[in-house]
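# What the coordinates show
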Amino acid sequence: MDFFFNLAPLAILVPLLAFAAIILFANPRNRLSSSLAIGGIAFSTVVSWGIVLATRLSEEHIWQETWQISIPWLPSGTSVLWIGLEVDSLTAAMLFMVPFVCLMIFIYSKGYMNFGTDQVDPLYSRFFAYISLFACGMLGLVVANNFVSLLIFWEIMGLCSYLLIGFWFDKSYADPKRITPKEAGLKAFLTTRIGDVIMLAGMLLLYSRTGTMTFQEIFSEESLRQLATTYAFPGMSWAT
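Rules used throughout
Residues numbered from 1 in each chain as written. Predicted model: local features only at pLDDT ≥ 70, side-chain atom pairs only at ≥ 80, totals over all residues. Heavy atoms only, no water. Helix = DSSP H or I, 4+ residues; strand = E, 2+ residues; numbered from the N terminus. Buried < 20%, exposed > 50% of the residue type's maximum accessible area, 1.4 Å probe, protein only. Contact = heavy atoms within 4.5 Å. Expected span 1.5 Å × (residues − 1). Bend = angle between axes of the 7 residues up to and from the residue. Polar contact = N/O pair within 3.5 Å; in protein donor to acceptor, adjacent residues only side chain to side chain. Phe/Tyr/Trp six-rings, centres within 6.5 Å; stacked < 30°, edge-to-face > 60°. Lys NZ or Arg CZ within 6 Å of the ring centre and 35° of its normal.

Let's shift gears to the side chain of Thr180. With respect to the secondary-structure elements, Thr180 resides in the loop between helix 6 (147–165) and helix 7 (181–210). Residue class for Thr180 comes out buried when judged on its relative accessible area of 14%. Leaving out residues up to four positions away in the same chain, Thr180 has contacts with Lys171, Ser172 and Tyr173.

Take helix 4 (residues 89–112) next. Taking 1.5 Å of rise per residue, the 24 residues of helix 4 would be expected to cover 34 Å, and the 35 Å separating its terminal C-alpha atoms lies within 8% of that figure. Of all bends in helix 4, the biggest is about 25°, found at Leu95, and the proline Pro99 comes one to four residues later. Every buried residue belonging to helix 4 is among Thr91, Ala92, Leu95, Val98, Pro99, Cys102, Leu103, Phe106 and Ser109, and all of these are buried. Residues of helix 4 that are buried make contact with helix 3 (30–57), strand 2 (79–87) and helix 5 (124–143). Capping the start of helix 4, Asp88 holds a side-chain oxygen 3.3 Å from the backbone nitrogen of Leu90, two or three residues further along. Directly beyond the C-terminal end of helix 4, a positive phi value near 60° is found at Asn114.

Attention now moves to the packing of aromatic side chains. Enumeration according to the criterion identifies 13 aromatic pairs in this entry. When the ring of Trp49 is compared with that of Phe100, the centres are 5.5 Å apart and the planes differ by 35°; the resulting orientation is tilted. Of this pair, Trp49 sits in helix 3 while Phe100 sits in helix 4, and the two are 51 residues apart along the sequence. Taking the relative accessible area as the measure of exposure, Trp49 reaches 35% and is therefore partly exposed. The exposure class of Phe100 is partly exposed, given its relative accessible area of 32%. Here the aromatic rings of Tyr130 and Phe167 are separated by 6.1 Å at their centres, their planes lie at 90°, and the arrangement is edge-to-face. Separated by 37 residues along the polypeptide, Tyr130 in helix 5 and Phe167 in the loop between helix 6 and helix 7 bring together distant segments of the chain. Clustering of aromatic rings is evident, with ring pairs tying together Tyr108, Tyr112, Phe115, Tyr124, Phe127, Phe128, Tyr130, Phe167 and Trp168. The side chain of Arg178 reaches across the aromatic face of Tyr173, ending 3.9 Å from its centre.

Take a look at the structure:
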């Protein structure tokens, strides 16, 4: 059963490699670009479903356990920040749906971008590179085991949202009041960056109180009790 769990990092890495391959090598060839993107997310889907199947068939009742891998990444004073992945019951449920929906979107996108017709989008390959990177960020977010990993993959998704919302950046409209894709992408980027700063502030406050960024440690009964019973301001606990 550990075979599929050990492949979990590849479910994230393969779409990232597809993005790099399209950008560096396959960009002039539309068919190869979409094939790399679809093949990458299809591989992630198979691995993810294998993980789900392993959790269902496990005799060790892994639904009540957690598989994880962590790597020391950034020294911080007397402690070290880690990056890592974990699979538990909730993660397995998400892994059943997220890569499959991505796969359906990737396949649909071939027609959406008019592949095989005279109206094929000139940025066809770039589009598949962007959605491959987006899938990498989304799957990484699902299996992140701490706030550092979550922030990294969240920012990847934020970048891809900006790139995809403003994908047709050269499009303009006769109506000056109608927002262009370029303007929409910039608006989305600035809005989410404001939210990201607030999220980062919350992460730093949690770290200042707990000394860790790992979900399991922060959400432990002892840690949650301490956060809920100590107050940053009158009437507002550190948990808030």
